[in-house]
Every structure is written in C-alpha cells, then in structure tokens.
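Commentary on secondary and tertiary structure
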Amino acid sequence: MNEHDELRGHVSKAYAEAVTKQAGSCCCGGEPAQSGALAKLAGYSKEELDALPADAVTNSFGCGNPVIFSGVSEGDVVVDLGSGAGIDLLLAAKRVGPTGRVIGVDMTDEMIERASQNIAAAGLTNVEVRKGIIEDLPVETGTVDWVISNCVINLSPEKPKVFAEIARVLKPGGRMLVSDVVVRDLPLEIRENQALYNSCVAGAISEGDYVAGLEKAGLGDVEVRDRITYEASQLTAFMQGDLAEINRTLADSGKPLVEADACGLAESLAGKVWSAIFFARRTE
C-alpha cells in the first residue's frame, strides 16, 4: 500500500466510524455531536431538509449546498464526488427529474450502504451510488452535465488527479460546482495531524492553488462564487469534540500539544480556514 492509499484508508475509516457512531454531525468527519465540524449545515432550506429522509440530513458532513447554488435542471446527468449519506444526491435527483440521472461516488462501504438506504426511503429511481475513489471515477468520459461535491476534494491526497477526472467526465460545456474548505499559512504541526486531516483542515490547499489546479486540468471560466471565513468562536465550538484526538496524534508524532481547550487551536486557525464555492466549465 502506498502513502496515498494509506491516507485514504485513514479517511475512510474515520468516516465509517462517524456515520455508524453518531447521528447528527455536519461537515467533515470527527466524533459524535459537533466534533470535527468546520461549518454548520449551510445553504439548505428547511423545506428541502424536511422533504428528505432524516438520516440523510443528520449524517451530512458538508460545508455548503452545491446543488442549490448550481444550475442543475431537469434531464441533466449529475455526478457527486464523495456522496456520503446522500443528502446532495437526493436534492439533485429531485431537480433532474425522471429524465435525468444522478451518480454518487464514494469509497466507504458504510457510506454507500447508508446512501442506498436513504435513496430507497426517498423512493427515487433516478439515482445510484458507485464505489470508487474520486481520483479515478467509475464514470464514462464526456457523459456528465454537472459535477458537484461537498467538502470532499480537500481530503484527497492527489488533488490534481481529481481535477483532471472532473474535466474528463464532463461533456463539452458541462459544469462543476464544488463547496470545499481552503486554507492559508497552516503550521507544520497542523499539516501533519491526521485528526485535523480527517476534519478537512490539514489536507486543504489554498484558494489560489485550487483555482490554478482546475485551470491546469483544462477547465475554463473558473471562479469563486462565495466564501464563508470561520472565526475563532466558530472554530472553537466545532473543534471541541475532536481536541482529544488532535492532541493524541500530535503527541504520537512528537509534536507539541495544542492547548487543553479548543480556544488556543481556534485562535491559531482563525481567518486561515474558510469554505468556498468553486465554479468551472469544460470549455472545449
């Protein structure tokens, strides 16, 4: 197993545990309740959530709502990268209608099982989940109108491959809308912390590198359509449940421990972590 596969294994295990141990966390990974959360469930209306199976909502780990901000419409083919328990799959399936199709891709068996249950509970027949990694999508070339993703690409150890796969599967003129976490100026002890990687911080790249990566993959019209920058008070609340695990992994690696409460870590990350909505188009 190479280092990339090993890292994917750690992430998959964290999310399998998250979805089986708890009901009701949002954003990336972590332990029960609010731990590991970088943003509360953002951009979903009460009407949208009330119309979905409760499990799809309580096991959402996203940092935005890529479906509502996109132009997904009836008859479209949509692929959701890292589809998890299925909240965005279900919303997209309702938008594309019976003439459209939605494909979720996830690498974690527990997530695929949960999404399949939620699809069945919603009574939808135009959506499926395929097992795979987002660096090598099990999707035909040039067949997709929209690629969406919600706080997942930051977890990839090979982001240029993900960007290239997005460009490959899109039809000419096809579009991408992704909600994701980006960062700037993180210290090395944060970058090397597995718990913070699972929580969507340590593996995130800068906004500039994200845009450049999409453009290098051949995508055009790249832009950042929205941002939510996290303040120390938000990060404190979101990270409290993960602090013990963060401290443990820092100790195991020989790095200095963060402060005993979440405040010190949150203060050090304030203004350096935000969620952004990225748009791009296959222009060729």
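Just above, that's the structure.
Residues numbered from 1 in each chain as written. Predicted model: local features only at pLDDT ≥ 70, side-chain atom pairs only at ≥ 80, totals over all residues. Heavy atoms only, no water.

What about the side chain of Lys159?
To keep it simple, the criterion reads: For the purposes of this entry, the term helix denotes a DSSP run of H or I that reaches at least four residues, the term strand denotes a run of E that reaches at least two, and both are numbered from the N terminus. Residue exposure (1.4 Å probe, protein chains only): buried if accessible area is under 20% of the type maximum, exposed if over 50%, otherwise partly exposed. Within this scheme the basic residues Lys and Arg register as positive and the acidic residues Asp and Glu register as negative, but His and the chain ends are omitted. We define a salt bridge as a contact between a side-chain nitrogen of Lys or Arg and a carboxyl oxygen of Asp or Glu at a distance within 4 Å. Every residue pair with non-hydrogen atoms within 4.5 Å of one another is taken to be in contact.
Mapped onto the fold, Lys159 is located in helix H6 (residues 159–169). Despite its burial, Lys159 pairs with no opposite charge; the closest candidate is Asp180, at 7.5 Å N-O. Not counting residues up to four positions away in its chain, the partners in contact with Lys159 are Ile153, Asn154, Tyr197, Gly203 and Ile205.

Some points on the packing of aromatic side chains
Stated precisely, the cut-off is as follows: Pairs were defined over the aromatic rings of Phe, Tyr and Trp, the Trp ring being its six-membered one, requiring ring centres within 6.5 Å. Orientation was assigned from the angle between planes: stacked under 30 degrees, edge-to-face over 60, tilted for the rest.
The tally for this structure, following the rule as stated, stands at three aromatic pairs. With centroids separated by 6.5 Å and ring planes inclined at 65°, the aromatic side chains of Trp146 and Phe279 adopt a geometry described as edge-to-face. Within this pair, whereas Trp146 is found in strand S4 (residues 144–150), its partner Phe279 is found in strand S7 (residues 273–281), the two being separated by 133 residues in sequence. Note on Phe163 and Tyr210: the rings are 5.2 Å apart at their centroids and 55° apart in plane angle, and the pair reads as tilted. In this pair, Phe163 sits in helix H6 while Tyr210 sits in helix H9 (residues 207–216), placing the two residues 47 residues apart along the sequence. For the pair Phe163 and Tyr210, a shared accessibility class is recorded, and that class is buried. Among the aromatic residues, those joined into a ring-pair cluster are Phe163, Tyr210 and Phe278.

Looking at the sheet that holds strand S2 (residues 101–106)
The criterion, for reference: A pair of strands is considered paired only if DSSP assigns at least 2 bridges between the two. Fitting a line to C-alpha atoms yields each axis, with helices limited to the stretch in contact; the angle taken between N-to-C directions then spans 0 to 180 degrees.
Spatially, the seven strands line up as an open sheet ordered S3-S2-S1-S4-S5-S7-S6, and their pairing is mixed. Edge positions in the open sheet fall to strand S3 (127–131) and strand S6 (220–229), since each of these has one partner strand only. Between one strand and the next, the sheet's axes are offset by a mean angle of 15°, whatever the strand orientation. With six bridges connecting them, S4 and strand S5 (residues 170–183) associate as parallel partners. Bridging across to S5, Asn150 finds its partner in Ser179. Across the face of the sheet, helix H5 (residues 109–122) comes into contact with S2 and S3 while running at roughly 170° to S3.

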